[in-house]
Amino acid sequence: MKLSDMREILLKRDIQLTKSLGQNFLHDANQLQKIVGAAELSKTDKVLEIGPGLGPLTELLLENAGEVLAIEMDGRLVEFLRERFSNPYFTLLHDDALEFLRREPRDWSGWKLVANLPYSVASPILVELAQSPRRPERMVTTLQLEVAQRLMARADDDDYGVLTLLVQLDYEPRDSFKIPADCFFPAPNVDSMCVVLQLRARPLLADGQRAAFVKIVKRAFSQRRKMMLKLLKQDWAVDKLASAFADLKISPQERAEKLSLEQFVKLTQILSSHRDAEAQS
């Protein structure tokens, strides 16, 4: 779909794009092909697309995958998409994607997320999918550059934080490429990047420890400038924390941004084992 085609469709249907919905449509054919290529699709794949817009990516997904489920919030675009795609392997839902994911937990294992996510809700959507019990095997998403950098960050990076850890607990950042603003209509005021996230072959934590990991990470980053030991005292006994920090050779003065994902995982395992021991005694 060329930019001229997009303009014509929007004009003919009298559709004014809504900034609050993050409606910046990717029209560049080369970038769309790069996204599909990064997804490594086959005809056995099931794909979740969130925010299909006018369907330029949807068209390529249907050509390369076995099944596509798309979720679109804008009723005007849903009407157009239903007219454009009459394919038995295409399912279109008129819904708020984030509310749908929270309202209707489902088995996404074996699925791939391939989407130009609405920038305003990209982070919570990725966290929701990453924390679901049966999460997608791969996520290929176009995001605001600063969100993409947070997803790919490492300890001590400026962008390292809660989003980094909640997603990287289960996903490894594999690839990324920038997409210029003029590849979108209308051109956004921010830079964009496509990120490839691959589900880890083996989980880093047991299911029963995941809630503790989330609690530790959120508490540790609740005040970035404070020593995390002091922050964690709100939820864990001082002696247990001191013992865990000593075991992991973490300074009591350390801030959360200095700890790697692996250190947060090990800290979770130690503190969870203390809780389990107390529960059994």
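Residues numbered from 1 in each chain as written. Predicted model: local features only at pLDDT ≥ 70, side-chain atom pairs only at ≥ 80, totals over all residues. Heavy atoms only, no water.

**Re the overall build of the protein chain**
Item 1. A count of helices and strands for the protein chain gives 12 helices and 9 strands.
Item 2. Along the longest, intermediate and shortest principal axes, the C-alpha atoms of the protein chain span 70 × 35 × 30 Å.
Item 3. Here the protein chain, with 281 residues, has 50% of them falling under the buried criterion.
Item 4. Within the protein chain, residue pairs in contact and separated by at least 24 positions form 67% of the contacts whose partners lie at least 6 positions apart.
Item 5. Accessible area of the protein chain: about 13800 Å², with a carbon and sulfur share of 47%.
Item 6. Distance between charge centroids for the protein chain: 5 Å, based on 39 positive and 40 negative side chains. (Helix = DSSP H or I, 4+ residues; strand = E, 2+ residues; numbered from the N terminus. Buried < 20%, exposed > 50% of the residue type's maximum accessible area, 1.4 Å probe, protein only. Contact = heavy atoms within 4.5 Å. Areas by Shrake-Rupley, 256 points an atom, 1.4 Å probe, with all protein chains shown as cover. Lys, Arg positive; Asp, Glu negative; His and termini not counted. Charge placed at Lys NZ, Arg CZ, Asp CG, Glu CD.)

**Digging into the sheet that holds strand β5 (residues 111-116)**
Item 1. Across the sheet, 7 strands lie side by side as β4-β3-β2-β5-β6-β9-β7; this open sheet has mixed pairing. The open sheet has two edge strands, β4 (90-94) and β7 (171-179), and neither has a second partner. Here the average twist between neighbouring strands, direction ignored, is 20°.
Item 2. Examined bridge by bridge, strand β2 (residues 46-50) and β5 share 3 bridges and lie parallel to one another. Considered in β5, the bridge of K46 is made with W111.
Item 3. Packed on one face of the sheet, helix α6 (residues 122-130) meets β2, β5, β6 (138-144) and β7 and runs near 165° to β6. (Pairing = 2+ DSSP bridges. Axes fitted to C-alpha atoms, helices over the stretch in contact; angles between N-to-C directions.)

**Considering the packing of aromatic side chains**
Item 1. For the structure shown, the criterion picks out 4 aromatic pairs.
Item 2. Across from the ring centre of F177, 4.2 Å away, lies the NZ or CZ of K34, which sits over that ring. (Phe/Tyr/Trp six-rings, centres within 6.5 Å; stacked < 30°, edge-to-face > 60°. Lys NZ or Arg CZ within 6 Å of the ring centre and 35° of its normal.)

**Comments concerning the pairing of strand β9 (residues 192-199)**
Item 1. β9 sits mainly inside the fold: 7 of its 8 residues count as buried.
Item 2. Two elements, β6 and β9, share 7 bridges in a ladder whose sense is antiparallel. Directly across from L143, in β9, lies its bridge partner M193.
Item 3. Here β7 runs beside β9; their pairing, made up of 8 bridges, is antiparallel. What sits directly across from Y171, in β9, is L199.

**Regarding the layout of surface pockets**
Item 1. Looking at the largest pocket, its volume works out to about 430 Å³.
Item 2. Around the largest pocket, the lining comprises 33 residues; the ones closest to its centre are L21, G22, G51, E72 and P118.
Item 3. Its residues assigned to classes, the lining of the largest pocket shows 19 nonpolar, 9 polar and 5 charged.
Item 4. Lining the second largest pocket are 15 residues, and of these K19, G22, N24, P188 and N189 lie nearest its centre.
Item 5. Looking at the lining of the second largest pocket, its residues break down into 7 nonpolar, 7 polar and 1 charged. (1 Å grid on protein atoms, 1.4 Å probe; cavity = no way out; pocket = protein on both sides within 12 Å on 5 of 7 lines; lining within 4 Å. Points joined across faces, edges and corners; volume = space filled by probe spheres on them. Nonpolar A, V, L, I, M, F, W, Y, C, P; charged D, E, K, R; others polar.)

**Re the environment of K46**
Item 1. In this fold, K46 is placed in strand β2.
Item 2. Among the residues examined, K46 registers a relative accessible area of 29% and is labelled partly exposed.
Item 3. Those residues in contact with K46 that sit more than four places away from it in its chain are E67, G110, W111 and K112.

**Considering a negative patch on the surface**
Item 1. A cluster of acidic residues, E146, D157, D158 and D159, forms a negative patch at the surface.
Item 2. Note on placement: D158 falls in the loop between α7 (145-152) and α8 (162-168).
Item 3. For D158, a relative accessible area of 75% gives the class exposed. (Patch = residues over 30% accessible without salt bridge, like charges linked within 9 Å, V, L, I, M, F, W, Y side chains within 5 Å. Salt bridge = Lys/Arg side-chain N within 4 Å of Asp/Glu carboxyl O.)

**Points about helix α1 (residues 3-12)**
Item 1. Every buried residue of α1 is accounted for by M6, I9 and L10. Looking straight down α1, one finds its buried side chains confined to an arc of 95°; they lie on one side. Looking at α1, the residues exposed on the side facing more than 90 degrees away from the buried face are L11 and K12.
Item 2. Phi for D14, located one or two positions after α1, is positive at around 55°. (Arc of directions from axis to C-beta.)

**Side note on the side chain of R138**
Item 1. Here R138 shows up in strand β6.
Item 2. Within the structure, the side chain of R138 is placed 2.7 Å from the backbone oxygen of A38, a separation counted as a polar contact.
Item 3. The residues contacting R138, other than those within four sequence positions of it, are A38, A39, E40, W111, K112, L113, R174, V196, L197 and Q198. (Polar contact = N/O pair within 3.5 Å; in protein donor to acceptor, adjacent residues only side chain to side chain.)

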